[in-house]
Amino acid sequence: MKKFKLNRRDVLKATGAGIGMGIVGTTGCSSTPEKAIGPMPINGIMPWSNWSGNQVCYPAERTRPRNEIALAKLLKETKGKIRAVGAGHSFSALVPTDETLLSMARFRGISHINHETKEVTAGAGTRLAALGDDLWENKLGMINMPDINTQALAGAIATSTHGTGQQFGSLSNYVTGLTLVTAAGEVLKCSAKENKDVFDAARCNIGSLGIITDITMQMRDAYYLKERSEMLPLEEAFEKMETLRLAKRHFEAYGLLHSNHILLIEFTEVSKEESDAHQGEAESSDAYETFRTLADIIDMMPFLRGTVMSIAPRTVGVEERYGAWNEIFGNVRDMRFNEMEYTVPAEDGLACFREVLNTIKEKDIDVIFPIEYRYVAEDDIWLSQFYKRAGAAISVHNFHDKPYVPYFAEMEAIFDRYQGRPHWGKLHTKTEKEFATLYPQWDAFKALRQRLDPERRFINKHLEAIFPV
């Protein structure tokens, strides 16, 4: 008989499932199904919205160029604002435009593999999950990977999206080359040896320099991982997290709000033989479904919040999961939410994380969505959150149909005290004034941006506050 094991989503679900089901059985309450109805057309113009639904726009034109030649011709022969879109997984308003929305859907798949150097070139619109599958078939693996794999490659690079582990950089850090088409239709090949200034800027560009068509990344041989999940009391978890940070291992943590527990998840590379010997895990749905159910229950009976969030974690033990790198790193995210993430200096991470958890508890902030905590290595990319500074990335969320502005504002004030840098694809209120202080290469990036896009064609309303005239 195969031994059933839980994965990280099951462990999170288990923190509230027992109490939640008991309450549901008593009250008849259950999670409210998400409504399929989104924004409606206006004056015959179909809307675009991002994954969470917090960003909506009505582009006058939509285009989906078939290849690089068609893209260069389009940019050369047209005028006006243009914004590229991939998977629409950014929470910040990077994409919205009322002029031209450009889809990179036709720029997908691996176009070249250098088996000697293990460098792989893929189209800008390639989804990370599909890239992972193709790499696995070619006996290759990404050096690190985000815990959500539905993003388009170019969007992940443009925002310095990352996984976890202080010796591992963001995805942008593993880019060794890229092709950028400028507003004038000029095609630039960029690397550390060719157009180096553009390369240093474009590896985290927030869609403000031009349109990236393909990306070359450093990969490695395929590998297997063991994921170990453990629920720990708060102080024990903090002590272990400091040890793991110094050991430079892959790990992440989820702080359970209004609780005294943290879910700690460690990743260890293992042999194929060890992974094969521990197969048989069942598939799991989105862990956040359970927290959504609990949130609905707490909305009806607020007095239960403390009980639900303090008792349930004590029932969760150690769980392990084994598999291919792309299967273990990737997560299901069916339950929509909005998110803010800031990266603070790695050495200040635990202090900031503790302040976040304490503030939510002391101020009795009405949210139960777990806080995610990860470490990322420093890099030399001009607008990367990790420029010349190893970071601790702290993510706060709330469900897509629940208020988040006051909560995020409270958290942002804490991040500011630790010189936090916001994730470009997630919600923040920062403008050029703050960014010029946070990024030493800010002026160099601005000058390059102006050179490549003098007519500001790639600047939408959101970017106007970041790159004002």
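This write-up is about the structure you can find in this document. Every residue gets a number counted from 1 within its own chain, in the order that chain's sequence is written. Two thresholds apply to this predicted model, a pLDDT of at least 70 for residue-level local features and 80 or more for giving and counting side-chain atom pairs, whereas whole-chain, interface and lining totals are computed over all residues. Side-chain descriptors were evaluated using all non-hydrogen atoms of the structure, hydrogens and water having been removed beforehand.

## Considerations on the sheet that holds strand β18 (residues 391-399)
- In this scheme, strands are said to pair when DSSP sees at least two bridges between them. Labels follow the DSSP assignment, with helices taken as runs of H or I lasting at least four residues and strands as runs of E lasting at least two, numbered in each case from the N terminus. The eight strands are arranged β15-β12-β14-β13-β17-β18-β16-β19 in an open sheet whose pairing can be described as antiparallel. The open sheet has two edge strands, β15 (319-324) and β19 (421-422), and neither has a second partner.
- Sheet topology note: the strand β13 (residues 250-255)/strand β17 (residues 371-376) ladder contains four bridges and is antiparallel. Paired with A253 across the two strands is Y373, which belongs to β17.
- The criterion used for residue contact is that any of the two residues' heavy atoms lie within 4.5 Å. A fitted line through C-alpha atoms serves as each axis, taken over the contacting stretch for helices, and the angle formed by two N-to-C directions is quoted from 0 to 180°. Contacting β13, β14 (261-270), β16 (337-345), β17 and β18, helix α11 (residues 349-362) crosses the sheet at an angle of about 175 degrees to β17.
- The strands touched by helix α12 (residues 405-417) within the sheet are β16, β17 and β18, with β16 carrying the most contacts at an inclination of about 10 degrees.

## Quick look at the nonpolar core
- By size, the foremost hydrophobic cluster in this structure holds 73 residues, and its most contacted members are M142, L178, I215, M217, W424 and F467.
- Broken down by element, this core gets its largest block of residues, five residues, from strand β11 (residues 211-221).
- Setting aside anything within four residues of it in sequence, one finds F467 in contact with I206, S208, L383, W442, F445, K446, R449, R456 and I459.
- Take the buried residues of types Ala, Val, Leu, Ile, Met, Phe, Trp, Tyr and Cys, join any two whose side-chain atoms come within 4.5 Å, and each joined set is a nonpolar core. The buried label goes to any residue with under 20% of its type's maximum accessible area, the exposed label to any with over 50%, and the partly exposed label to all in between, with areas taken from a 1.4 Å probe on protein chains only. Counting residues in hydrophobic clusters, the runner-up holds 43 residues, among them L244, Y375, F399 and I414.

## Details of the packing of α11 against α12
- Running from N to C, α11 and α12 point in directions that differ by 150 degrees, and their axes come no closer than 10 Å. In terms of their interaxial angle, α11 and α12 are classed as roughly antiparallel. Crossing geometry of α11 relative to α12 is assigned as right-handed. Contact residues: C352, E355, V356, T359 and I360 in α11; Y407, E410, M411, I414, F415 and R417 in α12.
- Taken together, the residues of the contact of α11 with α12 sort by class into seven nonpolar, one polar and three charged. Comment on the angle field: the value is read as roughly parallel under 35 degrees, roughly antiparallel over 145, roughly perpendicular from 65 to 115, and oblique elsewhere. Crossing handedness follows the turn of the near helix against the far one: under a right angle anticlockwise gives a left-handed crossing, and clockwise gives a right-handed one. Under the grouping applied here, Gly and all other residues not named as nonpolar or charged are polar, the nonpolar ones being Ala, Val, Leu, Ile, Met, Phe, Trp, Tyr, Cys and Pro and the charged ones Asp, Glu, Lys and Arg.

## Brief notes about the pairing of strand β7 (residues 119-123)
- For β7, the tally of buried residues reaches four of five residues, placing the bulk of the element in the interior.
- Pairing between strand β6 (residues 110-114) and β7: four bridges, direction antiparallel. What sits directly across from I113, in β7, is V120.

## Quick word on the packing of aromatic side chains
- Centre distance within 6.5 Å is the pairing criterion for rings of Phe, Tyr and Trp, where only the six-membered ring of Trp is used; planes under 30 degrees apart are then read as stacked, over 60 as edge-to-face, and the remainder as tilted. Taken as a whole and judged by the stated rule, the model has 22 aromatic pairs.
- Measuring from ring centre to ring centre gives 5.6 Å for F267 and F329, while their planes differ by 45 degrees; the resulting arrangement is tilted. Taken together, the positions of F267 in strand β14 and F329 in helix α10 (residues 325-329) put the pair 62 residues apart, joining distant regions of the chain.
- Of the residues examined, F267 reaches a relative accessible area of 4% and is grouped as buried.
- Residue F329 is classed as buried on the basis of its relative accessible area, which comes to 3%.
- Pairwise contacts between aromatic rings join W424, F435, Y439, W442, F445 and F467 into one cluster.

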